Amino acid sequence: MIEPMKKVSLVLLNKEREEALVNLRKIGLVHLEKLEGASEKLSAFKEASANALVAESVLGEIKAPKAKKGMAPALSDEDTAKLCADIVAKSERKKQLLEEISSDATELDRFSGWGTVTNEDFEYLVTKGIQLKMYEVPVEKYNQIDQQIQTILVNKNKKTARFMIINGGEGRPENLMPEAFEVPLPRISTSLLEKEIKDDEKKVSEIEAFFAANAKYLPSISAFKKNLETDIEFENVNAGMERETSGDENDLAWISGYVPAANLEEFKADCAKNNWALAYADPEDDDLAVPTKLKNNKFVSLIYPLTDFLGTVPGYHEFDISGWFLLFFTVFFAMIFGDGGYGALVLVLTLLLMLKSKASGKKVAPVFGLITLVSIATIVWGAVTCTWFGIPVDMLPDWLKNLSIPWISSAYEDTLWQVPWVSEVGGKAVGLTKSQNLQIFCFSLALVQLAVAHIKAAARNISLKNGLKAVGDIGSLMQLIGMFWVVLSMVVNSDVFPMLGYIGTVPVGKIEISLIAAGFVLSFIFANYEGSIGASILESCKNIISVLLGVVNVFSDIVSYIRLWAVGLAGAAISETVNTLAGPILGHAILFIAAIVLLLFGHGLNMILNLLSVIVHGVRLNTLEFCTHIGMAWSGTKFNPFAEKKSS
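Residues numbered from 1 in each chain as written. Predicted model: local features only at pLDDT ≥ 70, side-chain atom pairs only at ≥ 80, totals over all residues. Heavy atoms only, no water.

1. A few points about the overall build of the protein
- Assigned secondary structure in the protein consists of 19 helices and 13 strands.
- Across its three principal directions, the C-alpha atoms of the protein cover 115 × 90 × 65 Å.
- Counting across all 648 residues of the protein, residues that qualify as buried make up 42%.
- The contacts of the protein with a sequence gap of at least 6 include a subset with a gap of at least 24, amounting to 75%.
- Total accessible area on the protein stands at roughly 35,500 Å², and carbon and sulfur atoms take up 61% of it.
- Each charge class in the protein can be summarised by its mean position, and for the 59 positive and 72 negative side chains these summaries are 5 Å apart. (Helix = DSSP H or I, 4+ residues; strand = E, 2+ residues; numbered from the N terminus. Buried < 20%, exposed > 50% of the residue type's maximum accessible area, 1.4 Å probe, protein only. Contact = heavy atoms within 4.5 Å. Areas by Shrake-Rupley, 256 points an atom, 1.4 Å probe, with all protein chains shown as cover. Lys, Arg positive; Asp, Glu negative; His and termini not counted. Charge placed at Lys NZ, Arg CZ, Asp CG, Glu CD.)

Written out as structure tokens, the structure is:
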């Protein structure tokens, strides 16, 4: 659930502002409204933080000897700030030196065919009345140069002839062929360029040695940077607080934020203790700044590592779908991974890592709980479909086959599974294959999940005493149910699920079309209801294209769940292919190790691809299809109270 919040405002004496903020941070209950402060102190903190970030990045690339626990050298904050500034300066200098080396090397490369070029020699010859210019020309063209032009051939290779023109004037000789191009003198003599490069390389080595020598202080820099984050937060609030500017020592200052309703009484007592004036009220419906604090049981909280990774936070006025997200994500994960062997392997590795954390005295990471859940679900799905590392069914023990469910299991022949309402059409047997059964399962998941979305949306509108808008949600649910049958007919089997026909005496075609039509009408009239039916209809008319496409979107949203079957099928095909490639060489002693490597690489790659598929497809179905139907935009801000966060 989303915890209720109270909007609070504190008023205090301006002269006590800094002391009050220290105490407020110790209390750690208030999520402050966004402030933008400005002060010299804040600027200094931000500059030091930027320097620490660069220093941490630079030193993080150096492989320093691992210090023993508790033996990492420490620096004072003042020395750390100075070191970070030095590292930033030297990092910029290193970048500049590398650019100079690259530029000089390019210049040297331009004269690689000329040997040593000394600018001073050319200048000296000019004083003696001899002007030389360097040129290059395709080797076959050199002998075609006009005889009136005095040239000296320096050297040539298969492609290029290098020569100098003597006293050819300031510009290019008019009778010189266009293929010849002048080679400008280098910035400085090539010997000096070589010396500059060596000097710069030496300076770069000295800078890198400085970095290596100070890499041991990386933990101090990281702690310093973390502490600066809280200093910046504090000073930003201190400088950004609104206050009177009359110049009186009893000027007032004030600040606003949000406190969980459950902690309000505790916060009131703290305010009284500190002599702060407090005002509080419920957030307004249009208040977008209200932070979101989720409170669920330990099981539902297993989904938090995933939502934190995705950065998805429901708005304060939206839904907390954590429980539904966890339920459907677990099912989606199992179907996409699809292999009980993979699930068992992940479970064993997870349990070993958890035991290692326990043994070392560390707290077990919450993500391990989520991984344990989805790996168990994968084992269950692999058991019911009889899928274990892509091993052929005839090589599996009977007890594994007996665990599976026949109508979706690979352990049984793919015969037609009869349905009660039709056995044959035109004298031809009609039924469902295992693939079709799995498709039906995917579409049924779509129906259940999207129906939950519309039911929750309707319940929310009823609770807000907006019952007529809830009728629009019921209309969307009716469209969903009717379109479900259309999908079964068009995608799975039109004989088993006829679009227009009867199941016994029930006219199924009329029912689903009636549901879609009636649902569309209800949705058209009431979907935008905010107190006036006429205004709601007018709003639907304004967006008539989107409204009409909405019916098609219901169809596409249901069909999109087939990705669970398709991606799982692709993963199974890859694992079978890996086994097929490795199988023939497993029996050869010489190639046995190669076969094992192939199996590990192939199945490992398949598991990585499956994990990416879970992120792309399993998460999408929850955050896009489901949330579109429930009307969620994930517009929330996570509750982050103003509290002490200094590292020890």
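Next comes the rest of the description.
2. Quick notes on helix α11 (residues 366-385)
- Between its first and last C-alpha, α11 extends 30 Å over 20 residues, near the 28 Å set by a 1.5 Å rise per residue.
- Of the residues trailing α11, Cys386 is marked for its positive phi of about 55°. (Expected span 1.5 Å × (residues − 1).)

3. Quick word on the sheet that holds strand β3 (residues 132-138)
- Taken together, 4 strands build an open sheet; the order of strands is β4-β5-β3-β6 and the sheet is antiparallel. Single-partner strands in this sheet number two, and they are β4 (151-156) and β6 (181-183). Recorded for the sheet is a direction-independent mean angle of 35° between the axes of neighbouring strands. (Pairing = 2+ DSSP bridges. Axes fitted to C-alpha atoms, helices over the stretch in contact; angles between N-to-C directions.)

4. Regarding the nonpolar core
- Counting residues in hydrophobic clusters, the biggest one holds 67 residues, and the most contacted among them are Ile321, Phe329, Ile558 and Leu564.
- The element contributing the most residues to this core is helix α13 (residues 434-463), with 11 residues.
- Once residues lying within four places of it in the same chain are set aside, the contact partners of Ile321 are Phe626, Cys627, Ile630, Met632 and Trp634.
- With 24 residues, the next largest nonpolar core counts Val58, Ile188, Leu193 and Tyr217 among its residues. (Core = buried A, V, L, I, M, F, W, Y, C linked by side-chain atoms within 4.5 Å.)

5. Quick notes on the pattern of salt bridges
- Overall, the coordinates contain 19 salt bridges when judged by the stated rule.
- With its nearest N and O atoms 3.8 Å apart, the salt bridge here joins Lys293 to Glu3. On the criterion of sequence distance, the pair formed by Lys293 in the loop between β9 (277-281) and α8 (304-310) and Glu3 in the segment before β1 (5-13) is long-range, its members being 290 residues apart.
- Between Glu530 and Lys469 there is a salt bridge; the shortest N-O distance is 3.1 Å. Here Glu530 is found in the loop between α15 (508-526) and α16 (533-542), whereas its partner Lys469 is found in helix α14 (residues 467-492), with 61 residues between them in sequence.
- Classification of Glu530 as exposed rests on a relative accessible area of 61%.
- Salt bridges sharing common partners tie together Lys7, Glu33 and Asp287. (Salt bridge = Lys/Arg side-chain N within 4 Å of Asp/Glu carboxyl O.)

6. Some thoughts on the packing of α13 against helix α19 (residues 592-630)
- In contact at an axis separation of 8 Å, α13 and α19 are set at 40° when each is read in the N-to-C sense. Compared by their axis directions, α13 and α19 come out oblique. Where α13 crosses over α19, the handedness of that crossing is right-handed. For the pair α13 and α19, contact is made by Gln449, Leu450, Val452, Ala453, His454, Lys456 and Ala457 and by Leu621, Asn622, Glu625, Phe626, His629 and Ile630, respectively.
- The class makeup of the residues in the contact of α13 with α19 is 7 nonpolar, 4 polar and 2 charged. (Parallel < 35°, antiparallel > 145°, perpendicular 65-115°, else oblique. Left-handed = near helix turned anticlockwise from the far one by under 90°. Nonpolar A, V, L, I, M, F, W, Y, C, P; charged D, E, K, R; others polar.)

7. Some details on the packing of helix α3 (residues 77-110) against helix α5 (residues 190-214)
- Closest axis-to-axis distance for the α3/α5 pair is 9 Å, and the angle between their directions is 155°. Here α5 runs roughly antiparallel to α3, going by the angle between their axes. By crossing handedness, the relation of α3 to α5 is classed as left-handed.
- In terms of residue class, the contact of α3 with α5 is made up of 13 nonpolar, 3 polar and 13 charged.

8. A short note on a nonpolar patch on the surface
- A cluster of nonpolar side chains, namely Phe309, Ile574, Phe601, Leu605, Ile608, Leu609, Leu611, Leu612, Ile615 and Val616, defines an oily patch on the protein surface of about 960 Å² accessible area.
- Counting residues per element, the nonpolar patch draws most heavily on α19, which supplies 8 residues.
- Counting through the fold element by element, Leu612 comes out in helix α19. (Patch = residues over 30% accessible without salt bridge, like charges linked within 9 Å, V, L, I, M, F, W, Y side chains within 5 Å.)

9. Some remarks on the pairing of β4
- Relative to strand β5 (residues 160-166), β4 runs antiparallel, the two being bridged by 5 bridges. Considered in β5, the bridge of Asn155 is made with Arg162.
- Between the antiparallel neighbours β4 and β5 lie 3 residues.

10. Describing the environment of Pro173
- Mapped onto the elements, Pro173 comes out in the loop between β5 and β6.
- Ignoring any residue separated from it by four or fewer positions in sequence, one finds Pro173 in contact with Tyr135, Ile149, Ile165 and Gly168.

11. Digging into the side chain of Asn606
- Here Asn606 lies in helix α19.
- Beyond its immediate sequence surroundings of up to four residues, Asn606 is in contact with Tyr342, Gly571, Ile574 and Ser575.

12. Section: unusual backbone geometry
- Unlike most non-glycine residues, Asn167 shows phi in positive territory, near 50°.
- As for its placement among the helices and strands, Asn167 is situated in the loop between β5 and β6.
- Even without a glycine there, the phi angle at Asn275 is positive, about 60°.
- By secondary structure assignment, the location of Asn275 is in the loop between α7 (264-273) and β9.
- Judged by its relative accessible area of 69%, Asn275 falls in the exposed class.

13. A word on the side chain of Asp473
- Position of Asp473 among the secondary structure elements: in helix α14.
- Despite its burial, Asp473 remains without a salt bridge, the nearest opposite charge being carried by Lys469 at 7.1 Å.
- A distance of 2.7 Å separates polar atoms of two side chains, one belonging to Asp473 and the other to Asn461.
- With residues near it in sequence (within four places) discarded, Asp473 still touches His454, Ala457, Ala458 and Asn461. (Polar contact = N/O pair within 3.5 Å; in protein donor to acceptor, adjacent residues only side chain to side chain.)

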